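Geometric and topological summary
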Amino acid sequence: VADCGHHLEGEYIFFQNLQTFFLFLARVKTEVQAGPLYRVLGSPLSITCSVSGFRSENTDKHFEFRMTKPSNPDFEIQIISSHEDTFGYSSHLSRVRKNEITLKRLSPNSVRFEIKSLQKTDEGEYECTAVNLEGAYDGEYSAKTVVKVIEDSLSVSSSASTPLSLNEGEALTLTCLASSSTSQHTHLSVAWYLHKDGQEDAQPIISLNRDFTLSPGQGFERRYQAGLIRLDKWGEASYSLKMAEVEPSDQGRIYCQAQEWIQDPDGSWYIIIQKNAEEMTLTVKATGWNFTQSSLQEGQELMLSCNINTQDVEKRFFSVAWLKGSVELARIGPTGVLTVAPEYSVRQKNGELRAARSGNRDYRLILKPVRTEDQGEYICTVWPQERGQDDTFIEGEPKDSSPQRVSVSATGVSKLTVKMQQAVNVAEGGGLHLSCKVDGVQGQLSVTWQHKPTPTAPFTEIISMSQEGVTEIAEEFVSRKVKVMRPSTDNFTLALDEVTLSDSGVYQCAVSERKPNSKTHNQAQTTTVTVTSIDTLMGVSLISRKTRVIVGEKLELMCRVKGPHMPVTVTWSVQREAKTPDTILTLSPDGTISWSADQNHYQLRVESRKTEVMYYLLVIGTSHREGGSYQCNVSVLLKNVHKELKASNQLSVIKIMKMLSPFLVSRLDVSPIPALTTNMNTDITITCSIITKTSESSLYSITWLHEENAGNKTIVSLDRNSIVTESQVDLRQRISMRRSKGPTFELIIWQARISDKGLYTCKVGEWLQDPRGEWYLLSTVSKSTVLTITEPAPNLRLDKKEQQLTAKEGDEVKLNCSITSGASGSLFQVTWFWQKEIETKQRPIFTVYRNSTLQDRFGENVRLRYDHPDPSQFSLTFLNPGPDNSGLYFCEVEEWLPSLSRGWRKVAVEKSGHFNVSVLTEGRHVLTHLVISLSKYHKIIWKYLSFKSSQGKNSSSSLWAESVPMNKKPSGDD
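Residues numbered from 1 in each chain as written. Predicted model: local features only at pLDDT ≥ 70, side-chain atom pairs only at ≥ 80, totals over all residues. Heavy atoms only, no water.

A word on the state of the cysteines. The term disulfide refers to a covalent linkage connecting the sulfur atoms of a pair of cysteines. Going through the model one piece at a time under the given rule, you end up with seven disulfides. Here Cys-559 pairs with Cys-632 through a disulfide, and the sulfurs are 2.0 Å apart. Between Cys-559 and Cys-632 the disulfide shows an S-S torsion of about -75 degrees. By sign, it is left-handed. Pair noted here: Cys-559 is in strand β45 (residues 555-562) and Cys-632 is in strand β51 (residues 628-638), with a separation of 73 residues, a long-range link. (Disulfide = S-S within 2.5 Å. Helix = DSSP H or I, 4+ residues; strand = E, 2+ residues; numbered from the N terminus.)

It is worth spelling out the pairing of strand β13 (residues 186-195) at this point. By the criterion of burial, β13 is predominantly enclosed, with nine of the ten residues buried. Sheet topology places β13 next to strand β18 (residues 252-263); ten bridges connect them, and they run antiparallel. Bridged to Leu-188 within β18 is Glu-260. As judged from the five bridges shared by β13 and strand β14 (residues 203-208), these two strands associate in the antiparallel manner. Bridged to Ala-191 within β14 is Ser-207. (Buried < 20%, exposed > 50% of the residue type's maximum accessible area, 1.4 Å probe, protein only. Pairing = 2+ DSSP bridges.)

This part covers the sheet that holds strand β35 (residues 432-439). With respect to topology, four strands assemble into an open sheet ordered β33-β35-β40-β39, the strand pairing being antiparallel. The open sheet is flanked by β33 (417-419) and β39 (482-488), the only strands paired with a single partner. Taking the axes of each pair of neighbouring strands and ignoring which way they run, one obtains an average angle of 20 degrees across the sheet. Relative to β35, β33 runs antiparallel, the two sharing three bridges. Counterpart to Lys-419 in the pairing with β35 is Lys-437. (Axes fitted to C-alpha atoms, helices over the stretch in contact; angles between N-to-C directions.)

Attention now goes to the pairing of strand β6 (residues 101-107). With six bridges joining them, β6 and strand β7 (residues 110-115) adopt antiparallel strand pairing. From the neighbouring strand, Ser-107 faces β7, where its bridge partner is Ser-110. The antiparallel pairing of β6 with β7 creates a hairpin that spans two residues between the two strands.

A few words on the sheet that holds strand β55 (residues 669-670). With antiparallel pairing, four strands are arranged side by side in an open sheet as β55-β57-β62-β61. With partners counted over all chains shown, the strands left at the sheet margins are β55 and β61 (735-740), one partner each. In this structure, strand β57 (residues 684-692) lies alongside strand β62 (residues 744-749), joined through six bridges in antiparallel fashion. Bridged to Ser-689 within β62 is Thr-744.

With that settled, consider the packing of aromatic side chains. Two descriptors summarise a pair of aromatic rings, namely the distance from one centre to the other and the angle between the planes of the rings. This structure, assessed with the given rule, holds 14 aromatic pairs. Judged by centre distance (4.6 Å) and plane angle (10 degrees), the rings of Phe-65 and Phe-113 are stacked. One end of the pair, Phe-65, is in strand β4 (residues 63-69); the other, Phe-113, is in strand β7, and 48 residues separate them in sequence. For Phe-65, a relative accessible area of 1% gives the class buried. Since its relative accessible area comes to 0%, Phe-113 is described here as buried. Seen in terms of ring centroids, Tyr-193 and Tyr-255 are 5.6 Å apart; in terms of plane orientation they differ by 15 degrees. Their pairing is stacked. Here Tyr-255 lies in strand β18 and Tyr-193 lies in strand β13, a separation of 62 residues in the sequence. Here Tyr-193 and Tyr-255 have matching classes, each one buried. Taking the ring centre of Trp-383 as reference, the NZ or CZ of Arg-331 above it sits at 4.2 Å. (Phe/Tyr/Trp six-rings, centres within 6.5 Å; stacked < 30°, edge-to-face > 60°. Lys NZ or Arg CZ within 6 Å of the ring centre and 35° of its normal.)

With that settled, consider the nonpolar core. Counting 33 residues, the largest nonpolar core has Val-156, Leu-172, Trp-192, Ile-205, Leu-241 and Ile-254 as its most contacted members. Residues Val-28, Leu-37, Ile-47 and Tyr-126 belong to the second largest nonpolar core, which totals 28 residues. (Core = buried A, V, L, I, M, F, W, Y, C linked by side-chain atoms within 4.5 Å.)

What follows concerns helix α2 (residues 90-97). All of the buried residues along α2 are His-92, Leu-93, Arg-95 and Val-96. All buried residues of α2 lie within an arc of 170 degrees about the axis, which places them on one face of the element. Residues Ser-90 and Arg-97 are exposed on α2 and point more than 90 degrees away from its buried face. On the buried face of α2, the contacting elements are β4, β5 (72-81), β6 and β7. Backbone geometry just after α2 places Asn-99 at a positive phi near 60 degrees. (Arc of directions from axis to C-beta. Contact = heavy atoms within 4.5 Å.)

Structure (structure tokens):
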């Protein structure tokens, strides 16, 4: 039992290895991600399925997805198919129709299966099948993977969710708790994010990756390297963010995000769940202004507050000054002493100008009543002051606030007017800027920008600015890059970037003016905006002054981009023969060049003109390798999507027809090959001789082709180094090639067969070396001939002579089978037959097959000897015959000839003459001879007996008794 078990185990291992071997040889292979794939309940699932090995690589393949559940592994559930809308069972078909389960094509040979939200019932084994449309099957057309659905156990929370206000330079510390209780081996990554107002996406501040490495976010690298930003892990689940000195740019909503990662069996890491903690709103007060109003009327109060935001402000000294343009109004020194400019001293004495420190950080300047000449641009300048040992102050570097414009209008009747440009044209993807000019301002202004696509449609709001300067973006435009600016007191500007074709239409600037103790005045003005398609405005054309270039020359290709100047990506590529295009270089909008080809062979030059940009590609020192189709692809980045520009003419692809060697024309010629006729099974030589050549340094490649009923096939190919690159497998043992001076190439076919007939073509390629040392094919010449193979007619002949053989019992009896004629190359199968008596059937007793296999069919106690002394002689000898071996013998010969398409085939069958064999015993040879001699008169005797039976009662008498009286026992004389 142990031996048997060991034997079976060995067979099993052999079968596994054999199965692996055949899978390795299989042409088609289907693959999915290896399982099990652990995914969280409610999270998405994606499985990529790809197939390779189909004959048509560029044709879209169809895929089907099925699954089996652990509770019923033998029941297969159909889910979704790329070619049949009703493929799925009812349990999944509704989810497919709601796009909760999708199948997206990634390439002609791959798809991605997706489930948007996993359910517990989605756990099971998934199978992807590539539909075979080729008929025959050769390989693996399906692949399986297992999906495990686990519970969500990730918990994320933050220590602070209430708003927090800090001054510039103060410290911030936040804590995030993140943990998971899953039973699977997972890793956590934690990151802190800042989401600024008006921005679509949050930006990472700092993150701790799953491999416990720290990475600062973009814009925070400097402070991270200086140690001002840290992320520390405490215990198992606590992650703290520390910012030593907050800046005004840190203002926004801060939150932490945790991601749980699992490693799939293929080694890749996958996020199975991601959660955010509560947001905390952070306000950072920067050093700068705090205006009560920016637009005033005569007599109102103008208050300018200057805020100092830095650490330990209560322990430090500062000087603060207010300036209008370049003129200083007033200054508060480090000890709180106020100094006023001479031109404002009278207003200070009259109480119209006041300045004071209102807190550790705040300084205020008040002008009341404000005058029209007070309008203008104001800034606040702060100097840090260090007190020395002698109580004198050392002034540090000043810091200015951002400028703020103040407008003061005279009181009276509203004279408000609004003006806009009549019509505006803008290119798709460009920026739209509309100016709204306001005149006669006497009060506080607010503005609202509106849009409608057609003149009859209602206006919808885009953005508004209140009297206090607060902007509000309409919900439809929140994700767009839009803002309203007030570059001066009488001008409102709408800026909308990356416009689309749908942004065409009518735009309205609606202005409201409010004065104290007066009603609100409204004025509006409209203009028409037309957005022109980028395809209309811009065009691409490719220009070359040459299509045939001499080797070593320079080649200049020009790619012209007409239209407005926009950030574009330009890619130069070349396609050689039928291969896929090879990228040479890519020029990015920021001017970065990414080289994919050898930079030593190419140069790029850009010329910018008023209405077009020229991108020149210079090919240096051309060789035959540079021949091909050159293409220039230009794309414009519109709303983060590259839009490729259409070619404005039919020259977007230039084909460099041929790289010509200097003053070199091919002179290659091959001598004609005469038609050949030969017999089957003879050796054939077909000669292909080069009679003229271009250069003594030329090298030659040669291909022999054979065309019969099955079409044109390559017999053998040699490259220019005489290395065999291709040969027909079933002819390798019967063909050879020989090269002699000239050069002359000979194809030798050994032992020709009928299938070797047909048209033979000798295709010679001449190769030369260019100045860069690269070999190129200069030209090819082909010559053909017809080969006829004659098949000999059947010519099998045997010795037909009748022979009488008599031998004593125990003596040898030899039966010779002689072939007098037959076809060359034939093989023979010989069978001897025996007929014991006239009434018995002919019986085969011995066969010699054409492969020299012997078969003794006698089945009796007879010793036989077979001899084959020469190709036409076969003999069978009875070594110890007895009387029972007497009878009629002959041999039958089958002639066989070889055939490539049908193997060996039988062409003729012949029989020899008869051998009448008599084996005698002592005292019986006369009777035996008589019986055998009379055997040929059997029919005559039988007719005589039939006649006698009709003559009365003697009709039953024996013929032998009447004609040849015989004793019951023979005497010695007999």
